[in-house]
Amino acid sequence: MRKLLNTLHVMTQGAYLHRDGETIAIKVGQELKLRVPIHTLEGLVCWGQVACSPPVLGLCCERSVGISFLTEQGKFLARVTGPVSGNVLLRRQQYRMADGANTALPTVRIIVAAKIANSRVILLRAAREIADEARQNALREAANQLSWAGLEAARAPSIDEARGHEGSAGQAYFSVFDQMITGDREAFHFAGRSRRPPLDRVNALLSFVYALLRHDIESALETVGLDPAVGFLHTDRPGRPSLALDLMEELRSALADRLVLTLINRRQVQGTGFTEQEGGGILMDDATRKQVVAAWQQRKQDEIEHPFLKEQIPLGLVPYTQALLLARFIRGGLDAYPAFFWR
């Protein structure tokens, strides 16, 4: 099994990354802040006004360290990678499977069913942890709705119908998301999902952590030789990593949503760490972003038993493991793609 390495997130505005032998050196102005050996990294994420020298880009590409550039708010801008890895025959088979409705449908069904099942686990866990009976009942009622949606998605006769069940399950899930918040409910209230821009602190956290998850999944797909742009559930669109978004669906609630709820409910983030921008968008300050990234990196170290492999692995290796299993399925080594069902 692959070793879990670090993802370096550079968030200090005005930082400049240059190569120093086999290390990446980070300067702010004339002050050297950090040196990181390249062999310890699996990814590099530059947030906002962060610049990389051409030698750093070359070093990362040589060592298969993907570089992602995001805005300060976490909106994806670009990704730099080295030569395409993997067997060209794998990608050709991926394209053939994605183009055929009959060949793509089984994978779409299992991805959607896994997403709904994992969201249901989040609701039921929250219901057990909350003392308020009315909120417990609301969460359990939504969990029941997700049960039916998951069963229907698993036997959907078409990809469009599977997407429809995913949409209805998502509405039911986010309709009670606010009920799972037990921290500072005045500062962290959730009225519904909003993205560009996020209109409240909870949405700002969700969007930010989803950006972290997306980076890890894209890196994993490229590592095993799959094309992140060609998916099964999400349609092709220029500039959109459809396959990465596919795998995000089954991992969102277990890896991202649960972390956001933990940060809020344990009061690890404060309402004062967010500011409202012109137009109503909510932005995290630097200290809060760094705190969330640190919590994300720590969370990735937690050990779980993978439901298909029956092996103990760090949570941070789940994206790579799922990418590897998907590649094995596409090659014909597995009868079906074993999506990640969280327990």
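Residues numbered from 1 in each chain as written. Predicted model: local features only at pLDDT ≥ 70, side-chain atom pairs only at ≥ 80, totals over all residues. Heavy atoms only, no water.

**A look at the side chain of His234**
Relative to the helices and strands, His234 is located in the loop between α6 (201-224) and α7 (242-265). The residues contacting His234, other than those within four sequence positions of it, are Arg240, Ser242, Leu245, Asp246 and Glu249. (Helix = DSSP H or I, 4+ residues; strand = E, 2+ residues; numbered from the N terminus. Contact = heavy atoms within 4.5 Å.)

**Quick look at unusual backbone geometry**
Of note in the backbone geometry, Arg267 takes a positive phi value of approximately 55° without being a glycine. Among the residues examined, Arg267 registers a relative accessible area of 48% and is labelled partly exposed. The backbone of Lys310 sits at a positive phi, close to 60°, despite the residue not being glycine. Assessed through its relative accessible area of 45%, Lys310 is described here as partly exposed. (Buried < 20%, exposed > 50% of the residue type's maximum accessible area, 1.4 Å probe, protein only.)

**Some thoughts on the packing of helix α3 (residues 101-129) against helix α5 (residues 159-175)**
Packing of α3 against α5 brings their axes to within 9 Å, and their N-to-C directions diverge by 10°. The angle between α3 and α5 places the two elements in the roughly parallel class. Between α3, through Ala101, Ala104, Leu105, Val108, Val112, Lys115, Ile116, Ser119, Ile122 and Leu123, and α5, the contact on the second element is made entirely by Ile159, Ala162, His165, Glu166, Ala169 and Tyr173. In the contact of α3 with α5, the residues fall into twelve nonpolar, two polar and two charged. (Axes fitted to C-alpha atoms, helices over the stretch in contact; angles between N-to-C directions. Parallel < 35°, antiparallel > 145°, perpendicular 65-115°, else oblique. Nonpolar A, V, L, I, M, F, W, Y, C, P; charged D, E, K, R; others polar.)

**Here we look at helix α8 (residues 286-299)**
For α8, with 14 residues, the first-to-last C-alpha span of 20 Å sits near the 20 Å given by 1.5 Å per residue. Along α8, the positions that sit buried rather than exposed are Thr288, Arg289, Val292, Val293, Ala295, Trp296 and Gln297. Where α8 is buried, its residues meet β1 (6-10), α6, α7, β9 (274-276) and β10 (282-284). (Expected span 1.5 Å × (residues − 1).)

**Considerations on the pairing of β1**
Working note: regular strand, side chains alternate between the two faces of the sheet. Burial analysis of β1 places four of its five residues in the buried class, which makes it a mostly covered element. As judged from the five bridges shared by β1 and strand β5 (residues 41-47), these two strands associate in the parallel manner. Bridge pairing links Val10 to Cys46 in β5. (Pairing = 2+ DSSP bridges.)

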